[in-house]
Amino acid sequence: MIFKSSTKTVPDAPQVPCHVAIIMDGNGRWATRRMLPRVAGHVKGVDAVRDIVEACVDRGIAYLTLFAFSSENWRRPEEEVSLLMRLFVTALEREVAKMHANDICLKVVGDLSRFDVKLRDMIANAERRTANNKRLTLSICANYGGRWDIMQATRKMLEAHPGVTDFTEEQLAEHLAMAYAPEPDLFIRTGGEQRISNFLLWQLAYSELYFTETFWPDFSPAALDEAIVSYQSRERRFGRTGDQLAQKK
Ligand code: IPE
Ligand code: IPE
Ligand code: MG
């Protein structure tokens, strides 16, 4: 493993979060408040994604992970699901060249087998094209679920070690869909709900959690800065006492 596990070692607590993970929630309510159809909120949400990606690059954040579609979002009306898929396709068509020019590495994380072939091909091409970019790794979680992730990692781990019955955390973690990234330092959920909704269950073990009422389409770079300031005021103890931390300084 390249990255430090928060449970097996005491990781660094960087001043500027190295990895920010966001549940982009509240698109539908943003639209409903304006007497608009829910889809208008999703369309506006894409603009917010663009602004926040740019803001993360400017702030030197190395990894940004965005929850775009959960494994439970298929339960939504078919119309909304198909619109979200179309939006995803257009966003890829429009943004990948720009991302590449800005040295952004794009990853799409989740059970992609449920997407149609055209979308899967687009994803594979975009990932291939941006694979060597270094400035920011942008992960879009699509048909992602934390439980799915732990299950698929377990399956892969068992395949990699046939007959072995005793495993370490590291042996499992290396098969998680986001093994290429450190655990998130800062988790943000917009839209007022205070829950994880099956996002990164394993990796959020020691992330700092930040909840805001702001709906995702209104989440601006200034709002991101507020979340970072809150993060910077936290004492990340990773199980130790405050006195132990003070002595280290
Ligand atoms: C988040 O906004 C976007 C997705 C889940 C795709 P919502 O669509 O959940 O918006 P609300 O929570 O209904 O307002
Ligand atoms: C979580 O939002 C998933 C995404 C933002 C993609 P939801 O709106 O689906 O979550 P719940 O249903 O309110 O928990
Ligand atoms: Mg929601």
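Okay, so let's go over this structure. (Residues numbered from 1 in each chain as written. Chains lettered and ligands numbered in written order. Predicted model: local features only at pLDDT ≥ 70, side-chain atom pairs only at ≥ 80, totals over all residues. Heavy atoms only, no water.)

With respect to the overall build of the chain
Inference 1: Looking only at helices and strands, the chain has eight helices and six strands in total.
Inference 2: Counted from the first residue to the last, the chain has its helices and strands arranged as β-α-α-β-α-β-α-β-α-α-β-β-α-α.
Inference 3: Compactness check: the chain gives a C-alpha radius of gyration of 18 Å against a globular reference of 18 Å for 249 residues, within 12% of the reference.
Inference 4: Overall size of the chain, expressed as C-alpha extent along the three principal axes, is 55 × 45 × 35 Å.
Inference 5: Expressed as a percentage of the 249 residues in the chain, the buried residues total 47%.
Inference 6: By sequence separation, contacts in the chain at least 24 residues apart represent 76% of the contacts at least 6 residues apart.
Inference 7: A total accessible area of about 13,200 Å² is found for the chain, and carbon and sulfur atoms account for 51% of it.
Inference 8: Seen as two clouds, the 33 positive and the 33 negative side-chain charges of the chain have centres 1 Å apart. (Helix = DSSP H or I, 4+ residues; strand = E, 2+ residues; numbered from the N terminus. Rg over C-alpha atoms; globule rule 2.2 N^0.38 Å. Buried < 20%, exposed > 50% of the residue type's maximum accessible area, 1.4 Å probe, protein only. Contact = heavy atoms within 4.5 Å. Areas by Shrake-Rupley, 256 points an atom, 1.4 Å probe, with all protein chains shown as cover. Lys, Arg positive; Asp, Glu negative; His and termini not counted. Charge placed at Lys NZ, Arg CZ, Asp CG, Glu CD.)

So, the packing of aromatic side chains
Inference 1: The tally for this structure, following the rule as stated, stands at eleven aromatic pairs.
Inference 2: Aromatic pair W74 and F115: ring centres 6.0 Å apart, planes at 40°, arrangement tilted. Placement of the pair is W74 in the loop between β2 (63-70) and α3 (78-101) and F115 in the loop between β3 (104-109) and α4 (117-130), with a sequence separation of 41 residues.
Inference 3: Residue F115 is classed as buried on the basis of its relative accessible area of 4%.
Inference 4: We note K107 situated over the ring of Y180; from NZ or CZ to the ring centre the distance is 4.7 Å.
Inference 5: In this structure, R114 packs its charged tip against the face of W74, placed 4.1 Å from the ring centre. (Phe/Tyr/Trp six-rings, centres within 6.5 Å; stacked < 30°, edge-to-face > 60°. Lys NZ or Arg CZ within 6 Å of the ring centre and 35° of its normal.)

A look at the pairing of strand β1 (residues 19-23)
Inference 1: For β1, a buried count of five out of five residues is recorded, marking the element as mostly surrounded by other parts of the structure.
Inference 2: Residues H19, A21 and I23 line one face of β1 and the alternating positions V20 and I22 line the opposite face, and both faces are buried.
Inference 3: Here β1 runs beside β2; their pairing, made up of five bridges, is parallel. Along β2, the bridge assignment pairs I22 with L66.
Inference 4: Relative to strand β5 (residues 186-189), β1 runs parallel, the two sharing four bridges. (Pairing = 2+ DSSP bridges.)

Structural notes on the site of ligand 2
Inference 1: Around ligand 2, the surrounding shell consists of I23, M24, D25, F67, A68, F69, S70, N73, R76, R189, R195 and S197.
Inference 2: Measuring from an oxygen atom of ligand 2, one finds a side-chain N or O atom of R195 at 2.8 Å.
Inference 3: Contact distances for ligand 2 include 2.6 Å between an oxygen atom and a side-chain N or O atom of S197.
Inference 4: When ligand 2 sits alone it has 390 Å² of accessible area, and the protein chains cover 78% of it.
Inference 5: Considering every element that reaches the shell around ligand 2, the biggest residue donor is β2, with four residues. (Near = heavy atom within 4 Å. Polar contact = N/O pair within 3.5 Å; in protein donor to acceptor, adjacent residues only side chain to side chain.)

Things to note about helix α7 (residues 221-232)
Inference 1: End to end, α7 covers 16 Å across twelve residues, agreeing with the expected 16 Å (1.5 Å per residue, within 8%).
Inference 2: The complete set of buried residues in α7 reads A223, L224, A227, I228, S230 and Y231. The arc enclosing the buried residues of α7, seen along the axis, measures out at 160°, which places them on a common side. Within α7, the exposed residues directed more than 90 degrees away from the buried face are E226 and V229.
Inference 3: On the buried face of α7, the contacting elements are α2 (38-58), β5 and β6 (208-211). (Expected span 1.5 Å × (residues − 1). Arc of directions from axis to C-beta.)

Brief notes about the environment of L87
Inference 1: Within the secondary structure, L87 sits in helix α3.
Inference 2: Relative accessible area serves as the criterion here: at 18%, L87 is assigned to the buried category.
Inference 3: Excluding residues that lie within four positions of it along the chain, L87 makes contacts with H42, V43 and V46.

All quantities given are derived from atomic positions and should not be read as evidence of function.
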